[in-house]
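Structural overview
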Number of protein chains: 2
Amino acid sequence: MALCTVYTTHALHSTCCVSTPTKNHLGFHQRQVFFYTHSNKITRSSKCSEISFATGDAKTVVIGLAADSGCGKSTFMRRLTSVFGGAAEPPKGGNPYSNTLISDTTTVICLDDYHSLDRTGRKEMGVTALDPTANNFDLMYEQVKAIKDGVAVEKPIYNHVTGLLDPPELIQPPKILVIEGLHPMFDPRVRELLDFSIYLDISNEVKFSWKIQRDMAERGHSLESIKASIEARKPDFDAYIDPQKQYADAVIEVLPTQLIPDKDEGKVLRVRLVMKEGVKYFSPVYLFDEGSTLTWIPCGRKLTCSYPGIKFSYGPDTYFSHEVSVLEMDGQFERLDELIYVENHLSNLSTKFYGEVTQQMLKHSDFPGSNNGTGLFQPIVGLKIRDLYEQILADSKVESPLQASKA
Amino acid sequence: MALCTVYTTHALHSTCCVSTPTKNHLGFHQRQVFFYTHSNKITRSSKCSEISFATGDAKTVVIGLAADSGCGKSTFMRRLTSVFGGAAEPPKGGNPYSNTLISDTTTVICLDDYHSLDRTGRKEMGVTALDPTANNFDLMYEQVKAIKDGVAVEKPIYNHVTGLLDPPELIQPPKILVIEGLHPMFDPRVRELLDFSIYLDISNEVKFSWKIQRDMAERGHSLESIKASIEARKPDFDAYIDPQKQYADAVIEVLPTQLIPDKDEGKVLRVRLVMKEGVKYFSPVYLFDEGSTLTWIPCGRKLTCSYPGIKFSYGPDTYFSHEVSVLEMDGQFERLDELIYVENHLSNLSTKFYGEVTQQMLKHSDFPGSNNGTGLFQPIVGLKIRDLYEQILADSKVESPLQASKA
């Protein structure tokens, strides 16, 4: 995809190289929303036509990823975008504090950019960033809808360093847009735009252990202040963030291990991939026998693992009254042969070649959690999204000629 | 196989249609041991040559099955012989109290026939039938060895009705000889002759429940007398029968269910098939992934089972210091689709066509335990024995021309 290097645009509702009628009926009225306009730098219309419609006639596929802050969303995003190839990087030459990551196929935007109150504003109002009143859901909805419809937008930037709202940045409609943050499934209108949604659910024990590790060891905070900050966030988290998981098509739960009976330092993890049944373009991964209940300890005669080993579980379940399949991994990998052995026994992975999951995991073996279930399930979710995208694309190609003949 | 209808023979060490030198060096000296001799009824040598060597040049394959009395050995035998086709029946026209069962391929002899003391004798000596002193292991060894070498024998008959030793019956060397009873693996010489050995291990709880069911309901015994009879047998059972399981290549353990937490009436069973690793011509059955540890509840999205359902377990283990694989089934089948679904996920079954285990189970759906793990594992053991027999036969055919060229 060619990117026009245009960073500021001014004329509201003007169009460039856009001919389909969908582009002008959106009724954007927020000041922050800008449509992409003609740039002096772009002269060839052929090139320009690539700008506004990254995916040709196909609409942008929108993925939502919800999680609390400090829960490994950015690692997840790097694993997810890596599946599509190419490095995910901030917009070139833009605000160095941009939260956006762009790669060949995907654009990841951080929903913190839709904070309607900056840090001072929140302090004055006595609300946390988790509170919906501190966020502009109207703008979030309209901009995500615009991108989904193939229209570039000028999205605000929340500067995490200063705590202020910086001038907006231009977001081109990519093939796949990932919106990640605290509230991707909070607003029903935004939720409706999502082609697939993921909730990263870190249990309190693990969250606490991670915070201690990071804030005590790396930032010198006291145990008491960490506990206090977690406790302070909890009511809003429980009220506004946690309930979103009921809408997720896939949930990754991160829990303490059950393999070590007493002493758990939060180092060995039990990770569960909860996959909703009946989601269009998404067929859950399974272990050995689809729809039955299984446990599997791969370590044995053919594979030797060190203590505490690895235990998989798989089976049907219900999750907020939805029928789901759950794949669980407790423990951690030690070596490559463990990885490939496990991948070999999982089905419906949507890989394009033998060992693709293992390849993805090895590519980012330096990422946190690469030897546990997060490291296994996150690239798998990436592969499922690639598959979902390709199915949607194929369907839209089938539909397009029909629509043309109707017109 | 054509059977010569000869029931009495007299001349010791005389031969008929026997040309290989192995037939005359056995040094039998017991009065009960008779070699097959020429009969007036048989005139054609071609037919006669089929008599002494049922398997041509191949030796008879010998299988041992050990179990306590009243533990379903005869049902097991019927399932096992059924795999080879043809009905297993007592020798035609012989002693109606014969314990032998003959089919096209197999001959099953009951080791009670080697009691050296009849019922009165045991009473006088104060020993049970379980006691080795009440059994003639020299004769057992020599006759099994003779049959294995292709030589017919005159085997005594223990009359279970009268408790006396009846006149002997002629046993032709079959393709497969099964010796079943209390002591097939007790005597090291007999044990050495076995190509494959099985121990049917009924747990005390289940044994007790079965005895109550049979002896109280059907025979009108009191609960106290049943308990007393079990207790009386226990020391000898523990001393002489139970230790044989350490030598078995396969053990079928029958235990109470673990699916119903409190109330267990011995009706729902948990059955374990313990299979020794490294046994020539025998590759253990496995579930999904050979050598790893698994549990599997097939009942789920694709298969609906009624309470308490079915649970399988599989994995490596050690058994009397031997490396084994254990396949376990807890619960019982309700319908045919459950059967075929389970068979479909088991590997190394040595079936000749898809669904052969299910077919075998359905053929004898009226046998006791047909809906539980005994009904599943017993035909599987039969299939493994058929496979073992065919491998031995194939090997002997490869070896024979070589031996001939050496001679």
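Residues numbered from 1 in each chain as written. Chains lettered and ligands numbered in written order. Predicted model: local features only at pLDDT ≥ 70, side-chain atom pairs only at ≥ 80, totals over all residues. Heavy atoms only, no water.

For chain A, an unreviewed UniProt entry supplies the name Phosphoribulokinase and the organism Cinnamomum micranthum f. kanehirae. In UniProt, chain A has this text filed under Catalytic activity (unreviewed entry): "D-ribulose 5-phosphate + ATP = D-ribulose 1,5-bisphosphate + ADP + H(+)". What UniProt records for chain A under Pathway (unreviewed entry) is the sentence "Carbohydrate biosynthesis; Calvin cycle." (UniProt positions renumbered as here; feature names shortened; annotations may be inferred.)

This part covers the overall build of chain A. Across its full length, chain A carries ten helices and 14 strands. The buried share of chain A, reckoned over its 407 residues, is 54%. Intrachain contacts of chain A at a sequence separation of at least 6 include 68% that bridge at least 24 residues. When the accessible surface of chain A is summed, it comes to about 18,000 Å², and 52% of that surface belongs to carbon and sulfur atoms. (Helix = DSSP H or I, 4+ residues; strand = E, 2+ residues; numbered from the N terminus. Buried < 20%, exposed > 50% of the residue type's maximum accessible area, 1.4 Å probe, protein only. Contact = heavy atoms within 4.5 Å. Areas by Shrake-Rupley, 256 points an atom, 1.4 Å probe, with all protein chains shown as cover.)

Right, let's get into the interface of chain B and chain A. On the side of chain A, 22 residues touch chain B, which itself brings 22 residues to the contact. For the pair chain B and chain A, the two sides together bury roughly 1,700 Å², of which 42% comes from carbon and sulfur. By the criterion of area lost to chain A, the three top residues of chain B are Asp-289, Thr-293 and Arg-301 of chain B, representing 35% of everything that side buries. Across the contact surface, chain B and chain A share five salt bridges. In this structure, Arg-301 of chain B and Glu-277 of chain A form a salt bridge, with 2.9 Å as the shortest nitrogen-oxygen distance. Taken together, the connections running from chain B to chain A amount to 21 residue pairs in polar contact (both at pLDDT 80 or more). Secondary-structure elements contributing two or more residues to the side of chain B that touches chain A are β11 (293–297), β12 (310–319), β13 (322–331) and α8 (336–345) of chain B. Of the residues forming the side of chain B that touches chain A, the biggest block, five residues, is contributed by β11 of chain B. Among the residues making up the side of chain B that touches chain A, the classes are represented as eight nonpolar, seven polar and seven charged. (Buried area = accessible area lost by both parts, 1.4 Å probe. Salt bridge = Lys/Arg side-chain N within 4 Å of Asp/Glu carboxyl O. Polar contact = N/O pair within 3.5 Å; in protein donor to acceptor, adjacent residues only side chain to side chain. Nonpolar A, V, L, I, M, F, W, Y, C, P; charged D, E, K, R; others polar.)

All right, on to the packing of aromatic side chains then. Considering all chains together, one arrives at 15 aromatic pairs over all chains under this definition. Aromatic side chains Phe-288 of chain A and Phe-288 of chain B sit 4.9 Å apart centroid to centroid with 35 degrees between the ring planes, which places their arrangement in the tilted category. One end of the pair, Phe-288 of chain A, is in the loop between β10 (286–287) and β11 (293–297); the other, Phe-288 of chain B, is in the loop between β10 (286–287) and β11, on a second chain. Seen in terms of ring centroids, Tyr-319 of chain A and Phe-320 of chain A are 4.9 Å apart; in terms of plane orientation they differ by 75 degrees. Their pairing is edge-to-face. Looking at Tyr-319 of chain A, the relative accessible area reads 12%, which means it is buried. Every member of this aromatic cluster is reached through a ring pair, and the members are Phe-288, Trp-296, Phe-312 and Tyr-341 of chain A together with Phe-288, Trp-296, Phe-312 and Tyr-341 of chain B. The cationic tip of Arg-78 of chain A hangs over the ring face of Phe-367 of chain A; the distance from NZ or CZ to the ring centre is 4.2 Å. (Phe/Tyr/Trp six-rings, centres within 6.5 Å; stacked < 30°, edge-to-face > 60°. Lys NZ or Arg CZ within 6 Å of the ring centre and 35° of its normal.)

Attention now moves to the relation of the copies chain B and chain A. Copy one and copy two of the chain differ by a rotation about an axis and a translation along that axis. Placing chain B over chain A gives an RMSD of 0.0 Å and needs a rotation angle of 180 degrees, together with 0.1 Å of translation along the axis. What we have between these two chains is a two-fold relation. Considering only C-alpha atoms, the residue of chain B closest to the rotation axis is Thr-295 of chain B, which sits at 2.5 Å. Looking at the interface residues of chain B, 100% of them are also at the interface in chain A, so both copies use one shared face. (Least-squares fit on C-alpha atoms with pLDDT ≥ 70 in both.)

All names here are of chain A. The domain boundaries assigned to chain A delineate domain 1 (56–202) and domain 2 (249–395). For domain 1 versus domain 2, the separation of C-alpha centres amounts to 26 Å. On the side of domain 2, 29 residues touch domain 1, which itself brings 21 residues to the contact. The junction of domain 1 with domain 2 conceals about 2,300 Å² of combined surface from both sides, 67% of it contributed by carbon and sulfur atoms. Together, Arg-79, Val-83 and Phe-196 form the three largest contributors to the area buried by domain 1 at its contact with domain 2, with a combined 32%. Taken together, the links from domain 1 to domain 2 amount to zero salt bridges. (Domains from an automatic or database assignment.)

Ranked by size, the top nonpolar core spans 119 residues in total, and within it Phe-312, Leu-327 and Leu-376 of chain A together with Phe-312, Leu-327 and Leu-376 of chain B carry the most contacts. Broken down by element, this core gets its largest block of residues, ten residues, from helix α10 (residues 373–406) of chain B. By size, the runner-up hydrophobic cluster in this structure holds 33 residues, among which are Tyr-114, Met-140, Val-190 and Phe-237 of chain B. (Core = buried A, V, L, I, M, F, W, Y, C linked by side-chain atoms within 4.5 Å.)

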